[in-house]
Amino acid sequence: MRRGSSLLIGRESELRGVTESLTSARAGRGGAVFLVGEGGIGKSRLAEAVAQQAFAAEMTLMRGRSSAIGTVVPLRPLTEALLSLLRSNPVDVGTLGPYGPILGRLIPDWGGQPAEHEGSSSLVILAEAVLRLTGLSGGRRGCLMTLEDLQDADAETLMVVEYLIDNLDLQPTLLLGTIRDESCAALTLARSAARRGRCLVIDLDRLDRDDTRRMAGACLGGEPDDVPAAAADLLFAGSAGNPFLIEELLAGMVDSGVLVSGAEGWQMAERLPANPPTSFARGIAHGVEQLSPPARKLLSVAALLGRRFPLAVVQAATAMSDRDLLNHLQGEFSGRLVTPDDQLTDWYAFRHQLTRETLLSLLPQEERTGLAHTVVAAVERTYPGLPGEWCQFAATLYLEAGDAPAAGRLLTEAGRRALAQGAANSAVTLLDKAWSLPADETGRATTLETLLYALAEAGLVERALGSVGLLDQVGALDVRRRANLHTRLAWAAAVAGRSTDALVQVDAARGLLGPAAGAEDLAPIDVVAAHLALDVPGQDRLETAETLARRAATVAEEVPLPVVACQAWQLLGALVRHRDPEAATECLERARSIAVQHHLPIWEIHALIRLGNDDALRHGALDRLHQARLQASQVGAVTARFQADASIALHSILRGDYDTAEALTERVLAETTRLKLLETTQYVLLLRAVLAGHRGRRREMEDALAEFRRWNGDDAQHAPRVYGLARTFCALLEEDRSRALDELSSALQAEQLNPTVFHLGGRYGLDLLVRAMSGEADWDTYEELTTEPASRLRWDRQFALFAKAVLLGRAGRDAEATTTVHEAMRVGEPYVTGRHLALRLVCESALDDGWGTPVEWLRAAEEHFHRADVPAVASACRAMLRRAGARVAQRRSGIDKLSPTLRAAGVTVREFEVLKLLVRRLSNREIAEQLHLSPRTVERHVSSLITKTGLPNRIALSEYAADAADD
């Protein structure tokens, strides 16, 4: 008989459903389909049938399966799927642009960098890269990506799958997944997506009696009627319609002589037990008993290794020659159980997981324990250092062998590696398991240290802080190491904006070390305390923070403690900028140099972000910020990516690129809110308010500020920007000069009471301009402020130059004033709204004092604010143009509805309204009634239309109106 049927029995309707999705994907309308069912129900068989259809249609094929060895192998299915693609369809990485290196995380040959940290934001970038690769590979014929056994998939893989589900509709790609029908994250994800209409879930039921008989007939090489009714009854009762069990039970019936072939076809010789698991296991056991001891050991070793297993390890564990190994694997009975793996060379796989589980159940516990020792030793010899997934797999084998401490050490190492690869959630899972195992004090301390980092990177800050109680479970831990654990908790809390919790951990660390603590032990605590000092209101907080940071930096470079040095120098860069921007840049470059020297990519990126901010503030350039953002995405630096996005959002607001700023703030806000990263969430909420203020949307601004305060927004920390950058700008866009002056006063007062590392509060720019306009700022004020190093920031410098022009014009130095305006416009070139707002303000002085070209400047400002839908400023510009005696064009809504021909003829919106009514041949009075005009006014509009269109009379104009209405 055949081992299996080549026909797909009982799945015709399901296959049609997937085929429709396959056809849709080939037409460019991709999607996702998930096959769900119990083990052996035929998910893989149906997936293979779909793959054959896709192959026949010349679609690109990708195939991966969840971890074949360990239970938590980050991104294994995707890696395998991409490698399967590249084996048959080489792809030029350059065609993927910046997404090519990101895929290097899955495809080492593409030059990706190993990630030090991870979170959902960088996984989104990775998912987008996978999406683009499938689209590129599918081309016009489409792509089928099959991911099997998703019930065993890691959290990171499922995050990518979720992204693909939601974004495949415009790609020529079908994602086909198989999931065992059991409680798991993959099944929850698929059913949730199906409820949203984003994917199709196909539940595979067991076969009925007729289909069971059809399958048996196909396996026997005949028709359903060739199967005796009694045999069909036994097969259905024993398998309950499970296709895999049907085949196994049928093979057992044939092998044992229960079902025999004679002259009259297949006949029953005797009856079989009806209990399917027992009969299945009995059949496997019977076959194993017939094997030689070496062959039995080979299958047992393979079963311990997993559903798929490498021949090298099996050979090392069994000491077999190549010839003996292959002879046993390809024997009659073994060949029914295992087959060469279709993905990896020199690997084999069990035909079904049930086979492996049954073989393991046949091993006595003592023999299983001893064999696990043998296998793990073979693994360590074959794969020195236990690279990749072998580390956690060896840990599983040590558990089988009863060596829990060894398993715990390897699980901790596997967790550290997962964290380094960016799989923070998988790292937490592995480290939790390691923590649950017995270990010595040093091992438990190492596990806890790594777990605290993983929890923080996974966004589980609350759990990380709650883990302080675990310190008591470590035992007689060295005081220095215990203090270090408290310091790590303090840093995690500080990064998340949990200042109070961080201070508690700092105090605990200092208390443990005592007054005689060495500088080397205090430096990590000092740098955390320096960051926290900025959250404490008071005029001396910058000095306190700088003292602590400098002390930490000095010690950290001597020891060395490179991470502490990076933390300290980066903070110093922010602290000294207000008095020496060049020194600030030097501090940041020093931090970056240390990070590069000590191979600390995350801290290099943090330094790059601060240097990018430095570039943006001083020169208006965003190149380095975008570079930092890309690098953070590539290595999975979640916190750094959020900081880069937030910085780009701020400078996009200043540049008037409001759509980009809004997209960035909303995306970061969604992620940081979910991860409970308080500090970044507060900052992005503040940016929301600044964005609304720069659009002149007061209600949105006030709502955003209210939300900012609900998140415990620190007014003392951010008040200069709240008042000077959001409220002041909004008031000026409302033409409320008095309110703007009050807001600026509040900003300056707040900055004086609580100096801050955040700039752009208005002191050196907008406040100077507005007060110069009102006569409150003179040359002494200008000289005093512009000689301050902090005045060199480009956003402020444009306003300071406009203020200088006002003072020059007032002093009768007209040529110098005009030249200074042009210089201010050059400096303000990146800041489209800020520059035009300053022009609008300066034109008042230019008109009053008779200098410059105010009409030209006002027209530019009016055009900008009209297009930006800021009516108050646009109206003020038009009023000043009229005051200057300049002609002012009407700005009626509906001008966009006029055809280019009508606009070129000078037809106004009101005239166009009259023209449309002429189509109906209405009289002047009837038109006047509809438009609420006087008949005389309508007559004047009609006369003007005849003149502008060059038509001879009203009749011709009516005919022209009909054509114009069609256009």
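Structure's up top.
Read on for a plain summary of the structure.

Reading the values: rules and limits
Residues numbered from 1 in each chain as written. Predicted model: local features only at pLDDT ≥ 70, side-chain atom pairs only at ≥ 80, totals over all residues. Heavy atoms only, no water. Helix = DSSP H or I, 4+ residues; strand = E, 2+ residues; numbered from the N terminus. Buried < 20%, exposed > 50% of the residue type's maximum accessible area, 1.4 Å probe, protein only. Contact = heavy atoms within 4.5 Å. Lys, Arg positive; Asp, Glu negative; His and termini not counted. Charge placed at Lys NZ, Arg CZ, Asp CG, Glu CD. Pairing = 2+ DSSP bridges. Right-handed = clockwise from strand over helix to strand, strands pointing away. Axes fitted to C-alpha atoms, helices over the stretch in contact; angles between N-to-C directions. Expected span 1.5 Å × (residues − 1). Salt bridge = Lys/Arg side-chain N within 4 Å of Asp/Glu carboxyl O. Disulfide = S-S within 2.5 Å. Patch = residues over 30% accessible without salt bridge, like charges linked within 9 Å, V, L, I, M, F, W, Y side chains within 5 Å. Areas by Shrake-Rupley, 256 points an atom, 1.4 Å probe, with all protein chains shown as cover. Polar contact = N/O pair within 3.5 Å; in protein donor to acceptor, adjacent residues only side chain to side chain.

## Focus on the overall build of the chain
Scanning the chain from terminus to terminus reveals 48 helices and 10 strands. Counting only C-alpha atoms, the chain reaches 115 × 95 × 40 Å along its principal axes. Classification of the 967 residues of the chain by burial places 56% in the buried group. Sequence-distant contacts, at least 24 apart, represent 67% of the contacts inside the chain between residues at least 6 apart. For the chain, the separation between the mean place of its 106 positive charges and that of its 126 negative charges on side chains is 4 Å.

## Observations concerning the environment of Leu-359
Assignment of secondary structure puts Leu-359 in helix α16 (residues 353–361). Judged by its relative accessible area of 7%, Leu-359 is buried. Distance from Leu-359 to Val-461, taken between C-alpha atoms, is 43 Å for residues 102 residues apart in sequence. Other than its neighbours up to four places away in sequence, Leu-359 contacts Ile-284, Val-288, Leu-299, Ala-303, Leu-337 and Phe-350.

## Overview of the pairing of strand β4 (residues 173–180)
Residues in a regular strand project their side chains so that they alternate between the two faces of the sheet. Counting buried positions along β4 gives seven out of eight residues, so the element sits mostly inside the fold. As judged from the seven bridges shared by strand β1 (residues 31–37) and β4, these two strands associate in the parallel manner. Its bridge partner lying in β4, Ala-32 is registered against Leu-175. Direction of pairing for strand β3 (residues 143–148) relative to β4: parallel, over a ladder of five bridges. Across the sheet, residue Cys-143 finds its bridge partner in β4, namely Thr-173. Tracing the backbone out of β3, into helix α6 (residues 155–167) and back to the parallel element β4 gives a crossover that is right-handed.

## Considering the sheet that holds strand β2 (residues 60–65)
Strand order in the open sheet formed by five strands is β2-β3-β4-β1-β5, and the pairing between neighbours is parallel. Both outer strands of the open sheet, β2 and β5 (200–203), are each paired with one neighbouring strand and no more. Shown here is a sheet whose adjacent strand axes are inclined to one another by a mean of 15°, direction ignored. The sheet contacts of helix α2 (residues 43–56) involve β1, β2, β3 and β4, and relative to β4 the element is tilted by about 165°. Contacts from helix α3 (residues 76–88) reach β2 and β3, with the element oriented near 145° to β2.

## A closer look at the pairing of strand β10 (residues 347–350)
Neither face of β10 is exposed, since Trp-347 and Ala-349 on one face and Tyr-348 and Phe-350 on the opposite face are all buried. In this structure, strand β8 (residues 308–310) lies alongside β10, joined through three bridges in antiparallel fashion. Bridging across to β10, Phe-309 finds its partner in Tyr-348. Pairing of strand β9 (residues 338–340) with β10 involves three bridges; the strand directions are antiparallel. Counted as the bridge partner of Val-338 is Phe-350 from β10.

## Examining helix α39 (residues 794–810)
The end-to-end C-alpha distance of α39 is 24 Å, a good match for the 24 Å that 17 residues give at a rise of 1.5 Å each. When you tally the buried positions in α39, you get 14 out of 17 residues, the bulk of the element.

## Digging into the pattern of salt bridges
Evaluation of the coordinates by the stated rule reveals 59 salt bridges. A salt bridge links Arg-416 to Glu-413, with the nearest nitrogen and oxygen atoms 2.8 Å apart. Separated by three residues within a single helix, Arg-416 and Glu-413 lie in helix α19 (residues 404–420), roughly one turn from each other. Looking at Arg-416, the relative accessible area reads 43%, which means it is partly exposed. Given a relative accessible area of 25%, Glu-413 falls into the partly exposed group. Arg-577 is the partner of Asp-614 in a salt bridge, and the nearest nitrogen-oxygen pair spans 3.4 Å. Note that Asp-614 is positioned in helix α29 (residues 601–619) and Arg-577 in the loop between α27 (562–575) and α28 (581–597), a separation of 37 residues in sequence. Overall, the relative accessible area of 2% leaves Asp-614 in the buried class. Classification of Arg-577 as buried rests on a relative accessible area of 8%.

## Let's talk about the state of the cysteines
Taken as a whole and judged by the stated rule, the model has zero disulfides. The cysteine Cys-199 is free of any disulfide, with Cys-184 supplying the nearest cysteine sulfur at 13 Å.

## Focus on a negative patch on the surface
A surface patch of negative charge is lined by Asp-778, Asp-780, Glu-783, Glu-784 and Glu-788. Residue position: Asp-780 is located in helix α38 (residues 779–786). Judged by relative accessible area, Asp-780 falls into the exposed class, the value being 60%.

## Comments concerning the side chain of Arg-840
Position of Arg-840 relative to the elements: it lies in helix α41 (residues 832–849). For Arg-840, a relative accessible area of 4% puts it in the buried group. A distance of 2.7 Å separates polar atoms of two side chains, one belonging to Arg-840 and the other to Glu-735. With residues up to four places along the chain from it excluded, the contact list for Arg-840 reads Glu-735, Arg-737, Ala-861, Val-873, Ala-876, Cys-877 and Met-880.

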